[in-house]
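Each chain, written out:
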Amino acid sequence: MGKFRFVILGIVILALSIWAYEGFINSNEKKKRVLTKVEKTVFTEVVQNSEIPIVIKEKGSLRSKDRVVLYSEVQGVLENSKKEFRVGVAFKKGETLLAINSDEHIATLKAQKSIFQNLIVSIMPDLRMDYPDSFEKWVNYLNNFDVDKRIKDIPEPSSDKEKYFITAKDIYTTYYNIKNLEVRLEKYNLKAPFDGVITEVNVNEGALVRQGQIMGEFINTDTYELTLSVNASLANDIRIGKKVELTDLTETIKVTGKVVRIGGKIDLSSQTLDVFIEVNGKNLREGIYLEAEVTARGVPNSYEIPRNLLIKKEHVFVFQDSIIKRIPVTPIYYKRNSVIVKGIPDGTDLLAKPVLGAFDGMPAKKYNTSKE
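Since this is a predicted model, take the numbers as computed values, not measurements.

Caption draft 1: Up close: unusual backbone geometry. The backbone phi angle of Asp-170 is positive, close to 65 degrees, even though this residue is not glycine. Turning to its location among the elements, Asp-170 is positioned in the loop between α4 (160-168) and α5 (171-186). The exposure class of Asp-170 is partly exposed, given its relative accessible area of 43%. Phi is positive for Lys-313, close to 65 degrees, though the residue is something other than glycine. When you line up the elements, Lys-313 lands in the loop between β16 (289-306) and β17 (315-320).

So, in structure tokens, the structure goes:
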């Protein structure tokens, strides 16, 4: 009887253990996850197409419109002048930039004039006898002749016979030799062709200057030019005389220039055309970096979007019927941070900001319709 009770007790304990074990296992089972549908929140703006003007913005550095590279056409020692020939020294039009010693040349010129004067004196008896009508003209010319002054034009002969006589006496040859020497004498003094400043110096006072030597550079500080490389497709929209707004990188200089020349050749590699802008103004210096803003033609029925909204240069995302859709567009003109496109219908809810991982047909909900 006692054994039977022990068996019954063991069976009860075993049943209770199995029940407790199953309860413990069931309590640790993980609940199945319930997948919920996630919708992206998007910012949109309502598209309203219009005519958008194309504003070309290009940068370049100023370069003086008028510049002269100073060459020496004669040889001699560079003399001291009223103003120093140094970088930054300004000269007015007509002032002497450089003076080269011309004593030797002046002596040669005077000697040639003296020879010419003697030739005229030698023909005077023949003129009195054979050409009395011209004698008085030559007497007056001889009386007014001065070796220290610029030679005057010789009297015109009254007949061909007189002309041949004068030619045979080397009058014309000597006269033109003197004219040539006088022209060459002017080359010993280089004068400023316009108001400007010295930007480069290669010689010093007292140095021997040789013929053909580069002595420096002189530029005009009143008028400058800016060269822009414009897309060839927009070249026809730019006309000579068109106003152009120019600013420097710090926006402290703001001036207005105008188109004065348009290049006639398109660069094959970049498909651009050179456009030359002329500008005048204070505080301008050669080499200043300026940005030009040129207004070209307008693009009708177009819309301007940030460049990061353009997908592979031919699509944009829009919001329609609670999903994101991809539609094709045609880029017309790229700006620095935006692009003008065509092909978005009016009233379309365009995604105003990029959506990470967006795809065609992606569920979404609209946050607002404000571009801000």
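Caption draft 2: The nonpolar core, seen in detail. One finds Ile-54, Ile-56, Leu-62, Leu-226, Leu-246 and Ile-277 to be the most contacted residues of the largest nonpolar core, which totals 27 residues. Of all the elements in the fold, those that place two or more residues in this core are β3 (50-64), β12 (223-231), β13 (243-248), β14 (254-266), β15 (272-280) and β16. Per-element tally for this core: the top contributor is β16, with 5 residues.

Caption draft 3: Structural context of the layout of surface pockets. Size it by volume and the largest pocket reaches roughly 320 Å³. Every element with two or more residues in the lining of the largest pocket is listed here: β3, β12 and β19 (330-334). With 4 residues, β3 is the single largest residue contributor to the lining of the largest pocket. Taken together, the residues of the lining of the largest pocket break down into 6 nonpolar, 4 polar and 5 charged.

Caption draft 4: Region of interest: the sheet that holds strand β9 (residues 196-201). Read from one edge to the other, the open sheet built from 4 strands follows the order β4-β11-β9-β6, with strand pairing classed as antiparallel. What marks the edges here is a single partner per strand, and that holds for β4 (67-71) and β6 (90-91). Of the pairings in the sheet, the one linking β6 to β9 comprises 2 bridges and is antiparallel in character. Paired with Ala-90 across the two strands is Val-197, which belongs to β9.

Caption draft 5: Summary view of the side chain of Glu-278. Relative to the elements of secondary structure, Glu-278 occurs in strand β15. For Glu-278, a relative accessible area of 15% corresponds to the buried category. Once you skip the residues sitting within four places of it in the chain, Glu-278 turns out to touch Lys-65, Thr-223, Tyr-224, Glu-225, Gly-257, Lys-258 and Val-260.

Caption draft 6: Spotlight on the pairing of strand β22 (residues 362-366). Two elements, strand β1 (residues 40-42) and β22, share 3 bridges in a ladder whose sense is parallel. Looking across to β22, one finds that Lys-40 is bridged to Ala-364. Bridge count between strand β18 (residues 323-328) and β22: 2 bridges; the pairing is antiparallel. Paired with Ile-324 across the two strands is Met-362, which belongs to β22.

Caption draft 7: Focus on the packing of helix α2 (residues 103-130) against α5. Direction vectors running N to C along α2 and α5 enclose 160 degrees, while the axes themselves pass 10 Å from each other. For the element pair α2 / α5, the angle class is roughly antiparallel. Considering only the axes of α2 and α5, their crossing is left-handed. Contacts between α2 and α5 involve His-105, Ile-106, Thr-108, Leu-109, Gln-112, Lys-113, Phe-116, Leu-119, Ile-120 and Ile-123 on the former and, on the latter, Ile-171, Thr-174, Tyr-175, Asn-177, Ile-178, Leu-181, Glu-182, Arg-184 and Leu-185.

Caption draft 8: Geometry of the sheet that holds β1. Read across the open sheet, the 6 strands follow the order β1-β22-β18-β17-β21-β2; overall the sheet is mixed. For this open sheet the edge positions go to β1 and β2 (44-46), each flanked by a neighbour on one side alone. In this sheet, neighbouring strand axes are inclined to one another by 50 degrees on average, regardless of whether the strands run parallel or antiparallel. As judged from the 2 bridges shared by β17 and strand β21 (residues 349-351), these two strands associate in the antiparallel manner. Residue pairing for β21: Val-318 is matched across the bridge by Leu-350.

Definitions and limits used
Residues numbered from 1 in each chain as written. Predicted model: local features only at pLDDT ≥ 70, side-chain atom pairs only at ≥ 80, totals over all residues. Heavy atoms only, no water. Helix = DSSP H or I, 4+ residues; strand = E, 2+ residues; numbered from the N terminus. Buried < 20%, exposed > 50% of the residue type's maximum accessible area, 1.4 Å probe, protein only. Core = buried A, V, L, I, M, F, W, Y, C linked by side-chain atoms within 4.5 Å. 1 Å grid on protein atoms, 1.4 Å probe; cavity = no way out; pocket = protein on both sides within 12 Å on 5 of 7 lines; lining within 4 Å. Points joined across faces, edges and corners; volume = space filled by probe spheres on them. Nonpolar A, V, L, I, M, F, W, Y, C, P; charged D, E, K, R; others polar. Pairing = 2+ DSSP bridges. Contact = heavy atoms within 4.5 Å. Axes fitted to C-alpha atoms, helices over the stretch in contact; angles between N-to-C directions. Parallel < 35°, antiparallel > 145°, perpendicular 65-115°, else oblique. Left-handed = near helix turned anticlockwise from the far one by under 90°.

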